[in-house]
Amino acid sequence: MENEYKKSIEEFNKYIKKFDMSNDKVSHKYYHTFRVVDYAKDIAKSENLNKQDTYIAFLCALLHDIGRFKQVKEYDTFYDKKSFDHGDVGYEILLENDYISKYIQDQESKQIILKSVKNHNKYKIEDNLNEKELFFSKLVRDSDKIDILDKQKNEINDNSTTIDEDVIKAYKEHRLFKRDGTKRNDATEIVKNLCFIYDLNFKRSFEILKEKGIIDRKLNVLKQHISKETIDMFER
Ligand SMILES: [Fe+2]
């Protein structure tokens, strides 16, 4: 099994060679990928997955953002609405000439990985997935969100003192905020980011957030800039 992991990482690195690692956007997504891999393995362990399923979890994470590299190269943006849906394109890249076979051969496993790549960035997971496809889609979504929560939006640099109402509403309703392309102030971006916790599926995901102090860090930043009344409003 060790060998499979090694071969898959080599294959992934071979794919990445087509892109410019000196471009910050490319290297950012490359390192994000491997942090997501670590979270996926951590969750897999906590769920007592067997060796084969742990390897599937690893591949779902390794390949989840494969569409991002093409996106940066062709559009120089991570904004899907201005380019393409990077989950859908990742799915297509893996299907093209059966490229996914370079990572795994078993048909059922391939389907699980394809579905989880396609679904990782959607507001909601599609209906009609089978039990395993759904499980691994959730696993990669959690792993991805943990890294985004950790790495993105941890500072307020624009002196924002307010949080947009529609984002507070999503937070209070315990749901993800649907991205709409509107430019938000930093405080609002932090709350948008915090909404991710309402779309986590595994107990271990919450433990990781807690262990790393990720949520407290964000709340502290907010508390330094936003009035107590506003904080109270969405903390309640
Ligand atoms: Fe992604």
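Each chain carries its own residue numbering, running from 1 in the direction its sequence is written. In keeping with the model being predicted, local features are shown solely for residues with a pLDDT of at least 70 and side-chain atom pairs are shown and tallied solely at 80 or more, while totals for entire chains, interfaces and linings include all residues. Only hydrogens and water are removed before side-chain values are computed, so all heavy atoms of the structure are retained for them.

1. A closer look at empty space enclosed by the protein
Both site types are read off a 1 Å grid over the protein atoms alone. A 1.4 Å probe that fits but cannot get out defines a cavity, while an open set with protein on both sides within 12 Å along at least five of seven lines defines a pocket; lining residues have an atom within 4 Å of a point. Grid points are joined across faces, edges and corners, and a volume is the space filled by probe spheres set on the points. All chains considered together, the criterion is met by one cavity of 30 Å³ or more. Taken together, His28, Lys29, His32, Arg35, Asp147, Ile148, Lys151 and Gln152 make up the full set of residues lining the largest cavity. Secondary structure elements are defined from DSSP: runs of H or I of at least 4 residues count as helices, runs of E of at least 2 residues count as strands, and each element is numbered from the N terminus. Those elements that place two or more of their residues in the lining of the largest cavity are α2 (24–46) and α7 (131–151). Sorting elements by how many residues they give to the lining of the largest cavity places α2 first, with four residues. Residues of the lining of the largest cavity, tallied by class, amount to one nonpolar, three polar and four charged. Asp, Glu, Lys and Arg are counted as charged, while Ala, Val, Leu, Ile, Met, Phe, Trp, Tyr, Cys and Pro are counted as nonpolar; the rest, among them Gly, fall into the polar class.

2. Looking at the packing of aromatic side chains
The criterion for an aromatic pair is that two Phe, Tyr or Trp rings (for Trp, the six-membered ring) have centres within 6.5 Å, with stacked assigned to planes under 30 degrees apart, edge-to-face to planes over 60 apart and tilted to the rest. Enumeration according to the criterion identifies 16 aromatic pairs in this entry. Ring centres of Phe12 and Phe69 lie 6.2 Å apart, and the angle between their planes is 75°; on these two criteria the pair is classed as edge-to-face. Taken as a pair, Phe12 in helix α1 (residues 2–16) and Phe69 in helix α4 (residues 66–75) lie far apart in primary sequence, 57 residues in all. Judged by its relative accessible area of 0%, Phe12 is buried. Between Lys73 and the ring centre of Phe19, over which it is positioned, the NZ or CZ distance is 5.3 Å. Positioned over the ring face of Phe196 is Lys145, at 5.8 Å from the centre of the ring. Relative accessibility thresholds used throughout: buried, under 20% of the residue-type maximum; exposed, over 50%; partly exposed, between the two (1.4 Å probe, protein chains only). A ring is scored as having a charge over it whenever the NZ atom of a lysine or the CZ atom of an arginine sits within 6 Å of its centre and within 35 degrees of its normal.

3. Points about the coordination of the iron ion
Only nitrogen, oxygen and sulfur atoms qualify as donors, provided they sit within 2.8 Å of the metal or within 3.2 Å for Na, K and Ca; with water excluded from the atoms, sites may seem incomplete. The protein atoms donating to the iron ion are Asp65 (OD), His86 (NE2) and His120 (NE2), with metal-donor distances spanning 2.0 to 2.3 Å. Each donor residue of the iron ion lies on one chain, and together they are spaced D-x20-H-x33-H. Highlighted residues: His86 in helix α5 (residues 86–95) and His120 in the loop between α6 (107–119) and α7, separated in sequence by 34 residues. Relative accessible area serves as the criterion here: at 3%, His86 is assigned to the buried category. Look at His120 and you get buried, because its relative accessible area is 4%.

4. Description of the packing of helix α3 (residues 51–63) against α7
Only C-alpha atoms enter the line fits that serve as axes; for helices the fit covers just the stretch in contact. Angles between N-to-C directions range over 0 to 180 degrees. Close contact between α3 and α7 brings their axes to 9 Å; oriented N to C, the two are set at 55°. The angle between the axes of α3 and α7 places the two elements in the oblique class. The crossing of α3 and α7 is right-handed. Facing Asp53, Ile56, Ala57, Cys60 and Ala61 of α3, the residues of α7 in contact are Lys132, Phe136, Leu139 and Val140. Considering only residue class, the contact of α3 with α7 consists of seven nonpolar, no polar and two charged. Angles are sorted into four bins: roughly parallel if under 35 degrees, roughly antiparallel if over 145, roughly perpendicular if 65 to 115, and oblique for all others. Here a crossing is called left-handed whenever its near helix is offset anticlockwise from the far helix by less than a right angle, and right-handed whenever the offset is clockwise. Whether two residues are in contact is decided by their heavy atoms, any of which lying within 4.5 Å being enough.

5. Things to note about the domain arrangement of the protein
Domain boundaries assigned for the protein yield domain 1 (1–140) and domain 2 (152–236). Each partner contributes to the interface: domain 1 provides twelve residues, whereas domain 2 provides 14 residues. Taken over both partners, the interface formed by domain 1 and domain 2 buries close to 1200 Å², and the fraction arising from carbon and sulfur atoms is 58%. Salt bridge, as used here, is a side-chain nitrogen of Lys or Arg placed within 4 Å of a carboxyl oxygen of Asp or Glu. Between the two partners, domain 1 and domain 2, sit one salt bridge. Asp42 is paired through a salt bridge with Arg204; the nearest N and O atoms lie 2.6 Å apart. Two N or O atoms count as a polar contact when they lie within 3.5 Å, although within protein this holds only if one can serve as hydrogen donor and the other as acceptor, and sequence-adjacent residues are included solely when both atoms are side-chain atoms. For the pair domain 1 and domain 2, the number of links is four residue pairs in polar contact (both at pLDDT 80 or more). Sorting elements by how many residues they give to the side of domain 1 that touches domain 2 places α2 first, with five residues. Of the residues that constitute the side of domain 1 that touches domain 2, the class distribution is six nonpolar, two polar and four charged. Those domain boundaries reflect an automatic or database domain assignment. Buried area: the accessible surface (1.4 Å probe) lost by two parts on joining, summed over both.

6. Some thoughts on the side chain of Lys192
Along the polypeptide, Lys192 turns up in helix α9 (residues 186–194). Classification of Lys192 by relative accessible area gives buried; the value is 14%. When sequence neighbours within four positions are dropped, the list of residues in contact with Lys192 reads Val167, Phe177, Arg179 and Arg184.

7. Some points on the layout of surface pockets
In this structure, the largest pocket occupies an estimated 1400 Å³ of space. Together, 40 residues line the largest pocket, and Arg68, Tyr79, Gln152, Arg179 and Lys192 are the ones closest to its centre. Put simply, the parts of the chain that give the lining of the largest pocket at least two residues each are α2, α7 and α9. With five residues, the single largest contributor to the lining of the largest pocket is α7. Looking at the lining of the largest pocket residue by residue, the classes come out as seven nonpolar, twelve polar and 21 charged. Shared between two domains, the lining of the largest pocket holds at least three residues of each, these being domain 1 (1–140) and domain 2 (152–236).

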